[in-house]
Amino acid sequence: MIQIENLHKKFGKNEVLLGLDLNIEKDGIFAVLGPNGSGKTTLIKSILGMVIPNQGTILMDGIAIKKNWKYRQQIDYLPQIANFPGNLKVKELIRMIKDLRQMPSEEERLIALFKLEPFLDKKLSTLSGGTKQKVNIVLAFMFDCPLLILDEPTTGLDPASLIHLKELIQNEKKNGKTILITSHIMQFVAEVADTIVYLLEGKIYFKGSIDELMTKTQQTNLEHAIAAIATTHDNA
Amino acid sequence: MLKILKYSFYDLIRSRWSYVYFLFYLILGFVLLFLNNDVSKAVITLMNIIIVLVPLIGTIFGIMYYYNSKEFTELLLAQPIKRSSIFLGQYLGVAGSLTMSLVLGLGIPFVLYGLFKSDAIFDFSLLLVTGAFLTMIFTALSFNIAISNENKIKGFGYAVLLWLFMAVIYDGLFLMSLIIFKEYPLDTFSLAATMFNPIDLSRTLILLKLDISALLGYTGAVFKQFFGTDQGLIISLLMLILWTVFPIWRLSYKSKRQDF
């Protein structure tokens, strides 16, 4: 589905990605993990074409994404920080995104699921962080695209919504979609992810299942295993 | 692109500032006509205001809109839309709504006053056309400044400086160079220098179309020879088009290479 080869990106003097190679071939849930500033968001934004790499290629279904924009029809994206135009109402925002994408959508079900009906006529600037994140989730899940990219999807959610989110993710997986998730909540990652992709210093340090990671680090708990990667690397 | 244009345009039309800007011109138009009681004289007064105010409003509005719609832009960037369409759509939305405020705000009072029966109709249309060009040019320039500067304060500062330079400082430098090099023939130099500033270009173009160029003396005669002819008019308009197209092209070029 996605092939990334020798990806380099620097912002000024800060080199974020240093020859990253990643191949995501099959369906399933991939968790992109790594310490703060390891380049998770840069990687995701590169796939989305929001960040333009200095070097390297990204292929989506075998087609280079450079100077291409149509491939984004295949992607649903949930941004890390839900920044929306504040002067729009929730309803208007949803209508606008539908109008721009021109795809069948199922926002009603999601709005009901997250109990967003009372907020539909409110302006986005008046919403709380958690409610904004719910709107964010509705926008990301309402279309039927083969690739779903979720950047910190759990931010600000209450427990009930978190359960709904997990159900949604599992459903999408059953529908045969590829899902990329970044998160710092290891419990969440352990519950949903099939494959862990661990980023360190601009490269893929580890890619494999959670069990493989446990064996490699000789830990029994994912959180400790992840922490172990970082410390063993520091000692090395 | 048309969809982005539509959303940006509606967004601006709904905002209070578009109305304020429109009402300002409407009132200005009525007051000037009422005070002057003559379309031609009102056009001259209007020119002095438009030449300075339109670029200022275009610059400030452009830069504010760009920074304010950052979230909207980021939302759009993740959607299947071409990058240049996003920025050109937003640009045309701003420039379009400002131009509309200008043309309608000034057009209504003049039409009501009997513009179509007056012989100043050509001068007045030229005024509106240059006003529209100045809006397009300065909005495009301010978008260029905004896309190159992530820091809002810096961007705002540069934009205001740009306006100040074009509207005030350029003329000062121009005049000084005329005094310093007064020993030399300066006809071509002053013509060229006028071409390189859209504000000066518009001012000269309108002044020479109105029959007051006799006041300008010898230089006026040279200018009249150039700008007063149809050829001069066409070249000046081409220059204004160039001034519009170049920043728009750079905006689209730059937008394809920017990280968000």
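Calculation notes
- Once a new chain begins, its residue numbering starts again from 1 and follows that chain's sequence as written.
- Lettering for chains starts from A, numbering for ligands starts from 1, and both go in the order in which the items are written.
- Reporting of local features is limited, given that this is a predicted model, to residues whose pLDDT is at least 70; pairs of side-chain atoms are given and counted only at 80 or more, and all residues count toward the totals for whole chains, interfaces and linings.
- Whether two residues are in contact is decided by their C-beta atoms, placed from the backbone, lying within 7 Å.
- The numbering of helices and of strands both runs from the N terminus, where a helix is a DSSP run of H or I of at least 4 residues and a strand a run of E of at least 2.
- Amino acids are sorted into nonpolar (Ala, Val, Leu, Ile, Met, Phe, Trp, Tyr, Cys and Pro), charged (Asp, Glu, Lys and Arg) and polar (every other residue, Gly among them).
- Whether a residue is buried, exposed or partly exposed is read from the other C-beta atoms within 10 Å of its own C-beta, which are placed from the backbone; 20 or more gives buried, 12 or fewer gives exposed, and intermediate counts give partly exposed.
- Pairing between strands requires that DSSP locate at least two bridges from one strand to the other.
- Looking down the strands as they point away from the viewer, one classifies a crossover as right-handed if the path from the first strand across the helix to the second runs clockwise.
- Per-residue confidence from the predictor is reported as pLDDT, which spans 0 to 100.
- Here the axes come from fitting lines to C-alpha atoms, over the contacting stretch only for helices, and the angles between their N-to-C directions go from 0 to 180 degrees.
- For a helix, the expected span equals 1.5 Å multiplied by the number of residues minus one.
- Every angle not falling under 35 degrees, over 145, or within 65 to 115 is termed oblique; those three ranges are roughly parallel, roughly antiparallel and roughly perpendicular.
- A crossing counts as left-handed when the near helix is turned anticlockwise from the far one by less than a right angle, and as right-handed when that turn is clockwise.

Here we look at the interface of chain B and chain A
Taken residue by residue, the interface counts 16 residues in chain B and 17 residues in chain A. Breaking the side of chain B that touches chain A down by element, the ones donating at least two residues are helix 1 (2–14) and helix 4 (70–77) of chain B. Looking at side-chain class alone, the side of chain B that touches chain A contains eight nonpolar, two polar and six charged residues.

Focus on the pairing of strand 8 (residues 178–182) of chain A
Residues and elements named next belong to chain A. For strand 8, a buried count of five out of five residues is recorded, marking the element as mostly surrounded by other parts of the structure. Burial of the side chains of strand 8 extends over both faces: Thr178, Leu180 and Thr182 are buried on one face and Ile179 and Ile181 on the other. One ladder, built from five bridges, connects strand 3 (residues 28–33) with strand 8; its direction is parallel. If you follow Ala31 over to strand 8, its bridge partner there is Ile181. As paired strands, strand 7 (residues 147–151) and strand 8 are joined by five bridges and run parallel to one another. Along strand 8, the bridge assignment pairs Ile149 with Leu180. What joins strand 7 to strand 8 is helix 5 (residues 159–174), and the crossover it makes is right-handed.

Digging into the confidence of the model for chain A
Mean pLDDT over chain A stands at 87; residues scoring 70 or higher make up 98%. Taken element by element, the predicted model of chain A shows its lowest mean pLDDT in helix 8 (residues 222–235) of chain A (74) and its highest in strand 8 of chain A (91).

Brief notes about the sheet that holds strand 8 of chain A
Residues and elements named next belong to chain A. Reading across the sheet, the six strands line up as 6-7-8-3-9-10 and stay open at both edges, with mixed pairing between neighbours. Pairing within the sheet leaves two strands with one partner each, and these edge strands are strand 6 (75–78) and strand 10 (203–209). The sheet shows a mean angle of 15° between the axes of neighbouring strands, taken without regard to direction. Contacting strand 3, strand 6, strand 7, strand 8 and strand 9 (195–200), helix 1 (residues 40–48) runs over the sheet at an angle of about 150° to strand 7. Lying on the sheet, helix 7 (residues 210–217) is in contact with strand 9 and strand 10; it crosses strand 10 at an angle near 115°.

Details of the confidence of the model for chain B
Fine structural detail should not be taken from predicted coordinates in areas where pLDDT scores are low. Put simply, chain B has an average pLDDT of 87, and 95% of its residues get 70 or more. Interface confidence for the predicted complex, given as ipTM, is 0.83, next to a pTM of 0.87.

Focus: the sheet that holds strand 2 (residues 14–24) of chain A
Residue and element names in this part refer to chain A. Here we have four strands laid out as an open sheet, ordered 2-1-4-5, and antiparallel in their pairing. With partners counted over all chains shown, the strands left at the sheet margins are strand 2 and strand 5 (63–64), one partner each. Pairing geometry for strand 1 (residues 2–11) and strand 4 (residues 55–60), over five bridges, is antiparallel. In the strand pairing of strand 4, Glu5 is matched with Thr57.

A few points about the environment of A:Ile81
Topologically, A:Ile81 is positioned in the loop between strand 6 and helix 2 (90–101). Separated by 117 residues in sequence, A:Ile81 and A:Tyr198 place their C-alpha atoms 22 Å apart.

Concerning helix 11 (residues 230–255) of chain B
Across its 26 residues, helix 11 of chain B extends 37 Å between first and last C-alpha, which sits within 8% of the 38 Å expected from 1.5 Å per residue. If you check which residues of helix 11 of chain B are buried, you get B:Ser236, B:Leu240, B:Trp243, B:Thr244, B:Pro247, B:Ile248, B:Leu251 and B:Ser255.

A closer look at unusual backbone geometry
Despite not being glycine, A:Asp61 has its phi angle at roughly 50°, a positive value. Looking at where A:Asp61 falls in the secondary structure, it is placed in the loop between strand 4 and strand 5.

Structural notes on the environment of B:Arg203
Within the secondary structure layout, B:Arg203 lies in helix 9 (residues 198–209). Residue B:Arg203 is classed as partly exposed on the basis of its 19 C-beta neighbours within 10 Å.

Some words on the packing of helix 6 (residues 121–148) of chain B against helix 11 of chain B
All names here are of chain B. Packing of helix 6 against helix 11 brings their axes to within 9 Å, and their N-to-C directions diverge by 25°. Compared by their axis directions, helix 6 and helix 11 come out roughly parallel. In the crossing of helix 6 with helix 11, the sense of the turn from one axis to the other is left-handed. On the side of helix 6, the interface is formed by Phe133, Met136, Ile137, Ala140, Leu141, Phe143, Asn144, Ile147 and Ser148, while helix 11 contributes Leu240, Trp243, Thr244, Pro247, Ile248, Arg250, Leu251, Lys254 and Ser255. Of the residues in the contact of helix 6 with helix 11, the class split is twelve nonpolar, four polar and two charged.

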